[in-house]
Amino acid sequence: MDIVSNPWKDKKDTPVVGIVAEYNPFHNGHAYQIQEAKRLSGAKHCIVVMSGDFVQRGAPAIFDKYTRTEMALLGGADLVIEIPPMFAVSSAEDFAGCAVSLLDHLKIVSHLCFGCECGDTGPLMKAAQILCEEPEVFRTVLREGLKTGLSFPQARMKALKSLSLGSDYSEILSENVLSAPNNILGVEYCKALIRRESSIIPFTIKRRGNDYHDTLLSSCEMDKAETCFSSASALRKALEDFYGSSDCSSWKLEPLLRKNVPESVWELANEYAPVFPDDFSALLSCRLLELQSQNADLTDFEDVSEELAARMKHRILDFSTYENRIEGLKTKQYTYTRVSRSLVHILLNITREEIMFRKGHDYISCFRVLGFKRDSASLLTAIKKATRLPLITKTADAANFLDEEALKEFYRDLLCSHVYQSVAGLKKGNRKTNEYTQPVIIL
């Protein structure tokens, strides 16, 4: 990737590092990443672009976006900007594409830091360069692999191995470089930067502690440490297990869970009840019944193929929990995440046509600010001077800054948050606010 001039990056005293995140929920590994991202880049400020109320695996976030924003600020972030809902719940390519678009349009970000399993940008950038080119033989083998039932990572690896890459590329053909979850996202970040010819410099931090999909909390016994590094998956599982116990009247997390999150985040988490996919069961069933009564074409929604649409229609009257509905629909070809993401697209009325339109307009038309640190307010001033896109810090003011099409997109994104809030607001301790009454989080 050719590095073009970036006036902010070239000033030694003004590097700004960006991080793409979900913080679902925020934990010690995230705090470590922010700390190391600032140290390694020499940046005083860290800007986080974060998923809102729904996340990339196709599920509602365990805490609302404002709670998670506050967690991020307590954990070291200086400014948090929302990834639009339809791209927050999207493929790795579109998720990364939108996130990088946000960071690039800010015009002050010099570095992008992401965690990954391999801990090295080199093989990820090499893979990204090949995937950006997508030679004809690569596309052919990829299509054939998908038709035979291979998962996308498996089919992509098979397609890469079909190319004559030479010894310089042997490292990207190792078993986990393009199959480990964070490596996959890392490649997509690099692809997005290459395609944009962005001046932002990517670098990685190797994951600490449990693997991405581990569902058991770290007890720190191996390292005899006070600070544990569990995965977000393990934390969600622990929260769900505990919250499903018989004693929920005064929600308190187990001592082991407390060791896996920063103390300030622990205190904030105790104020709110977590949200789980099954909380949306009735809402999803109602939505599917409504679409059935309208004889709607489910393939209009993003990620819904004809075969998956047929399976959904066949099971519309199988009233069950959100999770059980996914289990009933998934197959070898349609993974749990693919089905879950498809159902969220249906729930939030995210169509393929709308996705294509917004991608064609570079994903975004404004920055939705969720929170910032008071002593980092200069970041907002710098962004306003550098970018052509408006920063929205107050929902009611959006009409003053956005043109007709951008305002339509903005209101469309608000709807997604209100769907989440309609469910989360019924749970004990959760914020009783909406997008018009919730202020930006300022610490």
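Remember, it's a predicted structure, so these values are computed and weren't measured experimentally. (Residues numbered from 1 in each chain as written. Predicted model: local features only at pLDDT ≥ 70, side-chain atom pairs only at ≥ 80, totals over all residues. Heavy atoms only, no water.)

### Focus: the packing of helix H7 (residues 136-147) against helix H8 (residues 152-161)
1) Next: One can describe the packing of H7 onto H8 by two numbers: an axis separation of 8 Å at closest approach and a directional angle of 145 degrees. Crossing angle aside, the handedness with which H7 passes H8 is right-handed. Contact residues: Phe138, Val141, Leu142, Gly145 and Leu146 in H7; Phe152, Ala155, Arg156, Lys158, Ala159 and Leu160 in H8.
2) Next: Partitioning the contact of H7 with H8 into residue classes produces eight nonpolar, one polar and two charged. (Axes fitted to C-alpha atoms, helices over the stretch in contact; angles between N-to-C directions. Helix = DSSP H or I, 4+ residues; strand = E, 2+ residues; numbered from the N terminus. Left-handed = near helix turned anticlockwise from the far one by under 90°. Contact = heavy atoms within 4.5 Å. Nonpolar A, V, L, I, M, F, W, Y, C, P; charged D, E, K, R; others polar.)

### With respect to helix H10 (residues 232-243)
1) Next: A rise of 1.5 Å per residue sets the reference length of H10, with its twelve residues, at 16 Å; its end C-alpha atoms lie 16 Å apart and thus fit the reference within 8%.
2) Next: For H10, the set of buried residues is Ala232, Ser233, Ala234, Leu235, Arg236, Ala238, Leu239, Phe242 and Tyr243.
3) Next: Against helix H11 (255-258) lie the buried residues of H10. (Expected span 1.5 Å × (residues − 1). Buried < 20%, exposed > 50% of the residue type's maximum accessible area, 1.4 Å probe, protein only.)

### Remarks on the environment of serine 51
1) Next: Position of serine 51 relative to the elements: it lies in strand E2 (residues 45-51).
2) Next: The spacing of serine 51 and threonine 69 is 18 residues in sequence and 9.9 Å in space, taken between C-alpha atoms.
3) Next: In this structure serine 51 touches Ala21, Glu22, Arg68, Ile83, Ala88 and Phe95, once residues within four positions along its chain are discounted.

### Let's talk about the packing of aromatic side chains
1) Next: Counted under the stated rule, the structure contains eight aromatic pairs.
2) Next: Note on phenylalanine 54 and tyrosine 420: the rings are 5.8 Å apart at their centroids and 85 degrees apart in plane angle, and the pair reads as edge-to-face. Taken together, the positions of phenylalanine 54 in strand E3 (residues 54-55) and tyrosine 420 in helix H20 (residues 404-424) put the pair 366 residues apart, joining distant regions of the chain.
3) Next: Ring centres of phenylalanine 280 and tyrosine 420 lie 6.0 Å apart, and the angle between their planes is 40 degrees; this geometry places the pair in the tilted category. Residue phenylalanine 280 is located in the loop between helix H12 (263-269) and helix H13 (281-293), and its partner tyrosine 420 is located in helix H20; the two are separated by 140 residues in the primary sequence. A single burial state applies to phenylalanine 280 and to tyrosine 420, both of which are buried. (Phe/Tyr/Trp six-rings, centres within 6.5 Å; stacked < 30°, edge-to-face > 60°.)

### Some thoughts on a nonpolar patch on the surface
1) Next: Taken together, the side chains of Leu289, Leu317 and Phe319 make up a nonpolar region of the molecular surface, amounting to roughly 300 Å² of accessible area.
2) Next: Leucine 289 sits in the partly exposed class, given a relative accessible area of 32%. (Patch = residues over 30% accessible without salt bridge, like charges linked within 9 Å, V, L, I, M, F, W, Y side chains within 5 Å. Areas by Shrake-Rupley, 256 points an atom, 1.4 Å probe, with all protein chains shown as cover. Salt bridge = Lys/Arg side-chain N within 4 Å of Asp/Glu carboxyl O.)

### Describing the pattern of salt bridges
1) Next: What the rule picks out here adds up to 25 salt bridges.
2) Next: Where arginine 315 meets aspartate 318, a salt bridge forms, and the shortest distance between an N and an O atom there is 3.9 Å.
3) Next: According to the relative accessible area criterion, arginine 315 is partly exposed, its value standing at 30%.
4) Next: Three or more residues joined by partner-sharing salt bridges are found here, namely Glu93, Arg156, Glu188, Lys191 and Arg195.

### Brief notes about helix H14 (residues 306-314)
1) Next: Of all the residues in H14, the buried ones are Leu308, Ala309 and Met312. Down the axis of H14, the buried set is contained in an arc of 100 degrees. They therefore lie on one face. Structural note: H14 exposes Glu306 and His314 on the side pointing more than 90 degrees away from its buried face.
2) Next: Each element contacted by the buried residues of H14 is listed here: helix H15 (322-329) and helix H16 (336-347). (Arc of directions from axis to C-beta.)

### With respect to a negative patch on the surface
1) Next: On the surface, Asp297, Asp300, Glu306 and Glu353 cluster together into a negatively charged patch.
2) Next: As for its position among the elements, aspartate 300 is in the loop between H13 and H14.
3) Next: Residue aspartate 300 is classed as partly exposed on the basis of its relative accessible area, which comes to 43%. (Lys, Arg positive; Asp, Glu negative; His and termini not counted. Charge placed at Lys NZ, Arg CZ, Asp CG, Glu CD.)

### Re the side chain of serine 285
1) Next: Relative to the helices and strands, serine 285 is located in helix H13.
2) Next: Among all residues touching serine 285, those that are not within four sequence positions of it are Phe319, Ser320 and Arg325.

### Concerning the nonpolar core
1) Next: Membership of the largest hydrophobic core comes to 92 residues, with the highest contact counts inside it found for Val20, Ile47, Leu79, Ile83, Leu112 and Tyr189.
2) Next: Here this core gets nine residues from one element, more than from any other, and that element is helix H5 (residues 92-106).
3) Next: The residues contacting leucine 112, other than those within four sequence positions of it, are Gly18, Ile19, Val20, Val100, Leu103, Tyr189, Leu193, Ile200, Ile201, Pro202 and Phe203.
4) Next: The next biggest cluster of nonpolar side chains, apart from the first, holds 40 residues, and it includes Cys113, Ala238, Leu268 and Phe276. (Core = buried A, V, L, I, M, F, W, Y, C linked by side-chain atoms within 4.5 Å.)

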